[in-house]
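# Structural overview
Now for the letters of each chain:
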Amino acid sequence: MAKKKAFTPLLYLVSIVFLPWWISLLFQKSLESWVTNWWNTRQSETFLNDIEEKSILEKFIELEELLFLEEMIKEYSETHLQNLRIGIHKETIQLIKIQNEGRIHTICTSRQI
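What comes next concerns the included structure. Every value quoted in this text rests on a predicted model; they were computed, and no experiment measured them.

### Focus on the overall build of the chain
Helices and strands together make up the secondary structure of the chain, namely 2 helices and 0 strands. Within the chain, the fraction of its 113 residues that count as buried is 0%. Surface accessibility of the chain: about 11,400 Å² in total, with carbon and sulfur atoms responsible for 66%.

Structure follows, in structure tokens:
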């Protein structure tokens, strides 16, 4: 019983001295890791460094140029095909006229005979 009575004040002394220190240390470490984690994730989401920003801008400009080139090729193809169709149509009409003139000439000469 005497040992219990001697042990109790020692337990109180240890809990008064070390328990607040232990709680403070635990809270500080957990809070520090949480704040560090939060800060790092927020920073990476919102801010880019100069190198990343330049790289992204270069890729965006390249993409914009490719889209513009694709649009130009598409417009050129449509114009070129349309001109080709018009040329083929005109050439076909000329060939038909030449053939018709030959037939008309053949009919006229056969009537004269």
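On we go from here.
### Describing a negative patch on the surface
On the surface, E58, E62, E64 and E65 cluster together to form a negatively charged patch. Position of E62 relative to the elements: it lies in helix α2 (residues 50-112).

Cut-off values and rules
Residues numbered from 1 in each chain as written. Predicted model: local features only at pLDDT ≥ 70, side-chain atom pairs only at ≥ 80, totals over all residues. Heavy atoms only, no water. Helix = DSSP H or I, 4+ residues; strand = E, 2+ residues; numbered from the N terminus. Buried < 20%, exposed > 50% of the residue type's maximum accessible area, 1.4 Å probe, protein only. Areas by Shrake-Rupley, 256 points an atom, 1.4 Å probe, with all protein chains shown as cover. Patch = residues over 30% accessible without salt bridge, like charges linked within 9 Å, V, L, I, M, F, W, Y side chains within 5 Å. Salt bridge = Lys/Arg side-chain N within 4 Å of Asp/Glu carboxyl O. Lys, Arg positive; Asp, Glu negative; His and termini not counted. Charge placed at Lys NZ, Arg CZ, Asp CG, Glu CD.

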